[in-house]
Amino acid sequence: MEHDLSPATLAELRRPRPYPAVSVLTPTHRREPYNAQDAVRLRNVVTEAKRQLEADPAVTRDRRVEVARQLDRALAEVDLTHAEDGLLIFAAPGEHQVWTIARSVPERVVLADTFLTRNLVAAQAAERPFWVLSVAADRVTLWSGGVDRVVEDHTGGFPLTRRAENFDPERRERIGDVRSTFRDEGIRHFLREADIAMTAVLREHPRPMYITGKPAALTALEEVGGIAKRAVHVPHGGLAHGSPEAVWQAVQPVVAAEERRSADDVTRELTSARGRRDFAAGVDELWQSARAGRVRLLAVEENYRVTVRDAGDHLLPAESGDLDAHEDIVDEIVEQCLETGADVRFVPDGTLGEASGIAGVLRY
């Protein structure tokens, strides 16, 4: 199952396919007893997708058989023991993908010439992914971080390791000669290689970044390259050889502090926008502004959801399951804003006060 939505991956997902490109969405659950019916619900929604394929006169028999085969292959790959809050299956002639996301989705089957990506895009934004680079004299390890964990990541050829020749950097660190360790030209060359590799990763997968290591290691990395100058430093050694849990425990307080600072910045921007009259709030107003490309900053409370119906020139409240109801209108707004270059921030529930869960700063 897929997790990492890079810009290149998203572009590939949005590429037009031969009809039908089938998107199957279903909510899932992480824990008992709520996850007891996930497998049955998933099989039922895949069966519904096959029924729609059968009923669609625009789908030839050969295409129907092929896409149904891809749906079966995707279903066989699903591992609900590692379920998060939503599951997406994409299937088209000759291909299929399975995505698990930490954001609930409405149960839905869509047949089109592109895959339905808005829930995936919103989940990626809500996850607030970040990188952690753990630096030591003989190893540099990359970790991918999210809301509640980090995992080791091998993007860009990481981890990078250096075999010491006639030099024992770990021994020097043990006897307290850390500063001279990171003045060694061989180690500084190794750190330059790490800087180059991480620069390439950030170019393809831009995210906030944290760097861990002993103070001398952080200073040396800053002296030999550019990535350390735009990262948050966490002076904690030993994590290049550490476990994901150890890394998470070291960076979590720093990440939480950065997120609080970010939420405070958003609140100040929204307050200032009210005074300038370029403030918008509520799904109806922001949906219209998003479609016009007017949103510069969008703030969404983490668990805000609302179901609406499109009445043409505005949105009306609706019940889940109503005809033409949009159960993921917030995700639609998020995707549209990202498409037009807006800065999208998810903030803790209650941050936006009277703005009712969603607010924005307009460009004009």
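Look up a bit, the structure's there.
Below or above, wherever it landed, is the structure these notes cover. Note that the structure is predicted; figures quoted are calculated from it, not measured.

## Quick notes on the pattern of salt bridges
It is possible for side chains bearing opposite charge to pair when their charged atoms get close.
So, point 1. Scanning all chains against the criterion turns up 30 salt bridges.
So, point 2. R69 serves as the salt-bridge partner of E66, at 2.6 Å between the closest nitrogen and oxygen. Here E66 and its partner R69 are both found in helix α3 (residues 61-77), three residues apart, which amounts to about one turn of the helix.
So, point 3. Salt-bridge contacts for R149 lead to D148; the nearest nitrogen and oxygen are separated by 3.0 Å.
So, point 4. Take R149: its relative accessible area is 32%, and that puts it in the partly exposed class.

## Section: the nonpolar core
So, point 1. Core analysis: the biggest nonpolar cluster contains 28 residues, and L133, F158, L191, M198, I211 and L221 have the highest contact counts within it.
So, point 2. Those elements giving two or more residues to this core turn out to be β5 (130-135), β6 (139-145), α7 (185-204), β9 (209-213) and α8 (215-224).
So, point 3. Top contributing element to this core by residue count: α7, with eight residues.
So, point 4. When neighbours within four sequence positions are excluded, L221 is seen to be in contact with L133, V135, L191, I211, I227 and A228.
So, point 5. Core analysis: the second largest hydrophobic core is formed by 24 residues, V300, A342, V344 and I358 among them.

## Observations concerning the sheet that holds strand β1 (residues 21-27)
What holds strands together in a sheet is hydrogen bonding between their backbones, with the strands either parallel or antiparallel.
So, point 1. Strands sit in the order β3-β2-β1-β4 across an open sheet of four strands; the sheet is antiparallel. One side of each edge strand has no neighbouring strand; the edge strands of this open sheet are β3 (95-101) and β4 (108-112). Put simply, the sheet's adjacent strands are angled 10 degrees from each other on average, direction ignored.
So, point 2. Pairing between strand β2 (residues 86-92) and β3: seven bridges, direction antiparallel.

Each value, and the rule that gives it
- Residues numbered from 1 in each chain as written.
- Predicted model: local features only at pLDDT ≥ 70, side-chain atom pairs only at ≥ 80, totals over all residues.
- Heavy atoms only, no water.
- Salt bridge = Lys/Arg side-chain N within 4 Å of Asp/Glu carboxyl O.
- Helix = DSSP H or I, 4+ residues; strand = E, 2+ residues; numbered from the N terminus.
- Buried < 20%, exposed > 50% of the residue type's maximum accessible area, 1.4 Å probe, protein only.
- Core = buried A, V, L, I, M, F, W, Y, C linked by side-chain atoms within 4.5 Å.
- Contact = heavy atoms within 4.5 Å.
- Pairing = 2+ DSSP bridges.
- Axes fitted to C-alpha atoms, helices over the stretch in contact; angles between N-to-C directions.

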